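Survey of secondary and tertiary structure
Listed here are the chains, written in short residue letters.
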Amino acid sequence: MPLEIIDDADLSSRLSLRLRARIERLIRVHHPAELQEARQAVRGPFRGVLGEGSNSVFGTRVGGTLVQVAWGGLHRRDDRCIEAGAGVAWDDLVGWSLSQGLCGLENLSMIPGSVGAAPVQNIGAYGVELAECLESLDAFNWLTGETRCFDRSDCSFGYRDSVFRKHGAEHWIILRLRLRLRPLRKADDLRLTHPDLAAAFAQRAPACADEVADAVRRIRAGKLPDPALYPNAGSFFHNPRVAADKAGELLEREPGLVHAPDRSGSVKLSAAWMIERCGLKGLRSGNVGVSGQHALVLVNYGRATGEELISFADQVRGAVEQRFGVPLSIEPRVVLS
């Protein structure tokens, strides 16, 4: 299929937040080999890559060109390694890996977005991060037209972070991932350390990874609003990390503050708990608001714009920083102009 070039493209149906947004030019690419041709079809500045639009906020009218990855591909390289094209829906990859008798991704079930977006923010949930199983990935340099293989160490993974989120790294387009998983031989191979999963299997250990995936789906469905009914981008804010002494000061003032030690020696704080403590859970302002189900989720209740959503998000951030002295950072990519 040739390139699809759409001028003055409406992005509302391509974003999980369903924001009123348009881009000067959208190029849908159906095979990595077409990227060289796509480079010649740019109008205005290159504005990056769009997968399933589950982690992006765009303004009402954005100049430049956005590239949408639309290729798939799933195959098994050996008894433990699988390869997935960037345009595959992440949850489809999880289901396929389980059908192959491999475990390692079950805790990451039901995370929205595409395979290509997963390493950018090092997706993680229920005690597992992508970085633990990623072996390598291929990425296309939009500036030079060259393709490079990144191994795990090259990706500089951190909490919801990678080299691809750094300033100046917007020119990398991820083409495919290679993941090193494992055959399930015993229940000990499954990661059940997260409190929600520990509670779900308190009476009986899961017999297979599929049971863990099903439990994760039930838990997520109970906690998070359905984006088909309440358009959202999942967690809108990162859980902040602070030094241990700062955490100690906060806990003296707020003994109930949900927190956990971090492997780096800092302390991770629950952004959802702080937002809720500020009385903002369920708050609505015009077309946008904080979900009544989960305080980390911002919802588009009507015909919101990206500008309206970010203005509201800044109010939430301001309230948290005023009360706790802790700044919150926004998780989705934001392109307003």
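In this text, all values refer to a predicted model and were calculated from it rather than measured experimentally. The residue numbers shown here count from 1 along each chain, following its written sequence. Residues qualify for local features only when their pLDDT is at least 70, as the model is predicted, and side-chain atom pairs are given and counted only at 80 or more; totals for whole chains, interfaces and linings, by contrast, use all residues. The side-chain numbers reported here are obtained from all heavy atoms of the structure, hydrogens and water having been left aside.

Observations regarding the overall build of the protein chain
Note the threshold: Helix and strand labels come from DSSP, where a helix needs a run of H or I of at least four residues and a strand needs a run of E of at least two; each type is numbered from the N terminus. Put simply, the radius of gyration uses C-alpha atoms, and a globule should come to 2.2 Å times the residue count raised to 0.38. Type-normalised accessible area, obtained with a 1.4 Å probe on protein chains alone, sets the label of each residue: buried when under 20%, exposed when over 50%, and partly exposed for intermediate values. Any two residues whose heavy atoms approach within 4.5 Å are treated as being in contact. We get accessible surface area from the Shrake-Rupley algorithm with a probe of 1.4 Å; when it comes to residues, only the shown protein chains can shield them.
Along the protein chain, the regular secondary structure elements total seven helices and 22 strands. For the protein chain, whose C-alpha radius of gyration is 20 Å, the value lies close to the compact-globule estimate of 20 Å for 337 residues. Reported as C-alpha extents along the three principal axes, the dimensions of the protein chain are approximately 60 × 50 × 35 Å. Looking at the 337 residues of the protein chain, the share that counts as buried comes to 50%. Summarising the internal contacts of the protein chain: among those between residues at least 6 apart in sequence, 62% fall at separations of at least 24. Entry remark: accessible area of the protein chain is about 15,000 Å², with carbon and sulfur atoms responsible for 48%.

Examining the layout of surface pockets
Rule in force here: Only protein atoms enter the calculation, which uses a 1 Å grid: trapped sets of points that fit a 1.4 Å probe without letting it out are cavities, open sets showing protein on both sides within 12 Å along at least five of seven lines are pockets, and any residue with an atom within 4 Å of a point is a lining residue. Grid points are joined across faces, edges and corners, and a volume is the space filled by probe spheres set on the points. Under the scheme applied here, ten amino acids are nonpolar (Ala, Val, Leu, Ile, Met, Phe, Trp, Tyr, Cys and Pro), four are charged (Asp, Glu, Lys and Arg), and all others, including Gly, are polar.
The space that makes up the second largest pocket amounts to roughly 910 Å³. If you go around the second largest pocket, you meet 37 residues; those closest to its centre are Val49, Val120, Phe164, Arg165 and Arg333. A total of five residues in the lining of the second largest pocket trace back to one element, the largest contributor, which is strand β3 (residues 46-50). Here the residues of the lining of the second largest pocket sort into 17 nonpolar, twelve polar and eight charged.

Thoughts on the side chain of Ser291
Filter applied, for reference: Polar contacts, as counted here, are pairs of nitrogen or oxygen atoms within 3.5 Å of one another; within protein the pair requires one atom able to donate a hydrogen and one able to accept it, and residues that are adjacent in sequence qualify only if both atoms are side-chain atoms.
Looking at the secondary structure, you find Ser291 in the loop between β20 (288-290) and β21 (297-300). Within the local environment of Ser291, its side chain forms a polar contact with the backbone nitrogen of Gln293, the two atoms lying 2.9 Å apart. Ignoring anything within four residues of it in the chain, the contact list for Ser291 reads Pro225, Lys281, Gly282, Val297, Val299 and Tyr301.

Description of the pairing of strand β11 (residues 134-141)
The side chains of a regular strand alternate between both faces of the sheet. Rules: At least two bridges found by DSSP between two strands is the condition for calling them paired.
Among the eight residues in β11, seven count as buried, and that is most of the element. Summarising the sheet, β11 and strand β12 (residues 147-151) pair through five bridges and their orientation is antiparallel. Following the sheet pairing, Leu137 is matched in β12 by Phe150. Linking β11 to β12, which pair antiparallel, is a turn of five residues; within it Gly145 sits at a positive phi near 80 degrees.

A short note on the sheet that holds β11
Inclusion rule: All axes are obtained by fitting lines to C-alpha atoms, using only the stretch in contact for helices, and the reported angles, taken between N-to-C directions, cover 0 to 180 degrees.
With respect to topology, five strands assemble into an open sheet ordered β6-β7-β13-β11-β12, the strand pairing being antiparallel. Each end of this open sheet is capped by a strand with a single partner; those strands are β6 (74-76) and β12. Direction aside, the axes of adjacent strands within the sheet are offset by 20 degrees on average.

Quick look at the packing of aromatic side chains
Rules: Under the pairing criterion, centres of Phe, Tyr and Trp rings, with the six-membered ring standing for Trp, must be within 6.5 Å; the plane angle then separates stacked pairs below 30 degrees from edge-to-face pairs above 60, leaving the rest tilted. Counted as over-ring charges are cases with an Arg CZ or a Lys NZ within 6 Å of the ring centre that also lie within 35 degrees of the ring normal.
Inspection of every chain in the model, using the stated rule, returns six aromatic pairs. Note on Phe150 and Trp172: the rings are 5.0 Å apart at their centroids and 90 degrees apart in plane angle, and the pair reads as edge-to-face. With Phe150 in strand β12 and Trp172 in strand β13 (residues 172-180), the pair connects residues that are 22 residues apart, well separated along the chain. In this structure an aromatic cluster arises from ring pairing among Phe150, Phe164 and Trp172. The ring centre of Phe150 lies 4.0 Å from the NZ or CZ of Arg148, which sits over that ring. Over the aromatic face of Tyr159 sits the side chain of Arg241, whose NZ or CZ is 3.7 Å from the ring centroid.

With respect to helix α7 (residues 306-324)
Counting along an α-helix, one turn takes 3.6 residues, and residues three or four places apart therefore face a common direction. Counted only if it meets this: The span one expects for a helix is its residue count, reduced by one, times 1.5 Å. The arc in question is the one traced by the directions running from the helix axis out to the C-beta atoms.
In this model, α7 (19 residues) spans 27 Å end to end at C-alpha, consistent with the 27 Å of a helix rising 1.5 Å per residue. Gly306, Leu309, Ile310, Phe312, Ala313, Val316, Val320 and Phe324 are the residues of α7 that are buried. On an axial view of α7, the arc spanned by its buried residues comes to 160 degrees, and they lie on one face. One or two steps after α7, the chain reaches Gly325, where phi turns positive at roughly 70 degrees.

Side note on the environment of His194
Structurally, His194 can be placed in the loop between β14 (182-183) and α3 (195-200). Along the backbone, His194 and Gly127 are 67 residues apart, and their C-alpha atoms lie at a distance of 5.5 Å. Once residues within four sequence positions are removed from consideration, His194 is found in contact with Tyr126 and Gly127.

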